[in-house]
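The lines below spell out each chain.
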Amino acid sequence: MVSIIAAVSGNGAIGKDNDMPWHISEDLKYFKKTTSGHPVIMGYNTFLSLGCRPLPGRRNIVVSTRQASGLRDGVEFCSSLEAAMEISRPDTEEVFVIGGGRLYKAAMQYADKLYITEVHANVEDADVFFPAIDPGLWEEDSRSENMYDGKSGVEYSFVTYKRL
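Scope of this entry: the structure provided in the associated data block. (Residues numbered from 1 in each chain as written. Predicted model: local features only at pLDDT ≥ 70, side-chain atom pairs only at ≥ 80, totals over all residues. Heavy atoms only, no water.)

Attention shifts here to the environment of Gly74. Structurally, the position occupied by Gly74 is in the loop between strand 5 (70-72) and strand 6 (75-78). Excluding residues that lie within four positions of it along the chain, Gly74 makes contacts with Pro54 and Asn60. (Helix = DSSP H or I, 4+ residues; strand = E, 2+ residues; numbered from the N terminus. Contact = heavy atoms within 4.5 Å.)

Right under this line is the structure:
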């Protein structure tokens, strides 16, 4: 199963200057808990935003034409999303695409499930956006109550979608 996990603002923003436009502690914990033990596939800019280090407890695969295929410091490089999915599937029943914007857009056609943290705010100066979730293809499977992060002042909800 291919899953996508992302935190998305009301206007679809997911990034600004190669970073997330917010810091929500519970969202980071949710991300870690949900993806731990599973392969994660990311684009090169997402890898850079993580400090070029692998996420612990997960097989880390970076889709990039900038690095030769192979392994480097616990991170594997593939030249395409399809190649990354192919090498990750024997490991687990669920593979996670964790960003960025171009990879999310490419992965939507393969995804079976979306784990979306809906951030109840708009980010007007964002430069990376999540693709629209087509209600003709996706249905909401679960939704948490609205929560509030006191440190960032942001309201959010955890929502999962399944493909129709």
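Moving on to unusual backbone geometry. Glycine aside, residues mostly have negative phi angles, and peptide bonds mostly take the trans form. Between Gly99 and Gly100 the backbone carries a cis peptide bond, its omega angle lying at 5°. Note that Gly100 resides in the loop between strand 7 (95-97) and helix 4 (101-107). Backbone geometry at Asn18 places phi at a positive 60°, although glycine is not the residue there. On the basis of relative accessible area, Asn18 is assigned to the partly exposed category, the value being 38%. Notably, Cys52 is not glycine yet its phi reads approximately 60°, a positive angle. (Buried < 20%, exposed > 50% of the residue type's maximum accessible area, 1.4 Å probe, protein only.)

Counting across every chain of the model gives zero disulfides. Here Cys78 stays free of any disulfide, with the sulfur of Cys52 as its closest cysteine sulfur at 17 Å. By relative accessible area, which is 8% here, Cys78 ends up buried. (Disulfide = S-S within 2.5 Å.)

Inspection of every chain in the model, using the stated rule, returns eight salt bridges. The closest approach of N and O atoms between Asp125 and Lys16, which form a salt bridge, is 3.7 Å. With Asp125 in the loop between strand 8 (113-119) and strand 9 (128-129) and Lys16 in the loop between strand 2 (13-15) and helix 1 (25-35), this residue pair connects regions lying 109 residues apart in the sequence. For Lys162, the salt bridge is made with Asp141, and the minimal N-O distance between the two is 3.9 Å. With Lys162 in strand 12 (residues 154-163) and Asp141 in strand 10 (residues 138-143), the pair connects residues that are 21 residues apart, well separated along the chain. The exposure class of Lys162 is partly exposed, given its relative accessible area of 36%. (Salt bridge = Lys/Arg side-chain N within 4 Å of Asp/Glu carboxyl O.)

Core analysis: the biggest nonpolar cluster contains 25 residues, and Ile4, Ile41, Val97, Leu114 and Phe130 have the highest contact counts within it. Of all the secondary structure elements, the ones that give two or more residues to this core are strand 1 (2-9), strand 4 (60-63), helix 3 (81-88), strand 7, helix 4, strand 8 and strand 12. Per-element tally for this core: the top contributor is strand 1, with four residues. Those residues in contact with Val97 that lie beyond four places of it in its chain are Val2, Ser3, Ile4, Ile5, Ile41, Leu81, Leu103, Tyr104 and Ala107. (Core = buried A, V, L, I, M, F, W, Y, C linked by side-chain atoms within 4.5 Å.)

For the structure on display, the rule yields six aromatic pairs. Ring centres 4.2 Å apart and planes at 25° place the aromatic pair Tyr30 and Phe158 in the stacked group. A residue pair is termed long-range when its members are at least 10 positions apart, and Tyr30 in helix 1 and Phe158 in strand 12 qualify at 128 residues. Relative accessible area serves as the criterion here: at 17%, Tyr30 is assigned to the buried category. (Phe/Tyr/Trp six-rings, centres within 6.5 Å; stacked < 30°, edge-to-face > 60°.)

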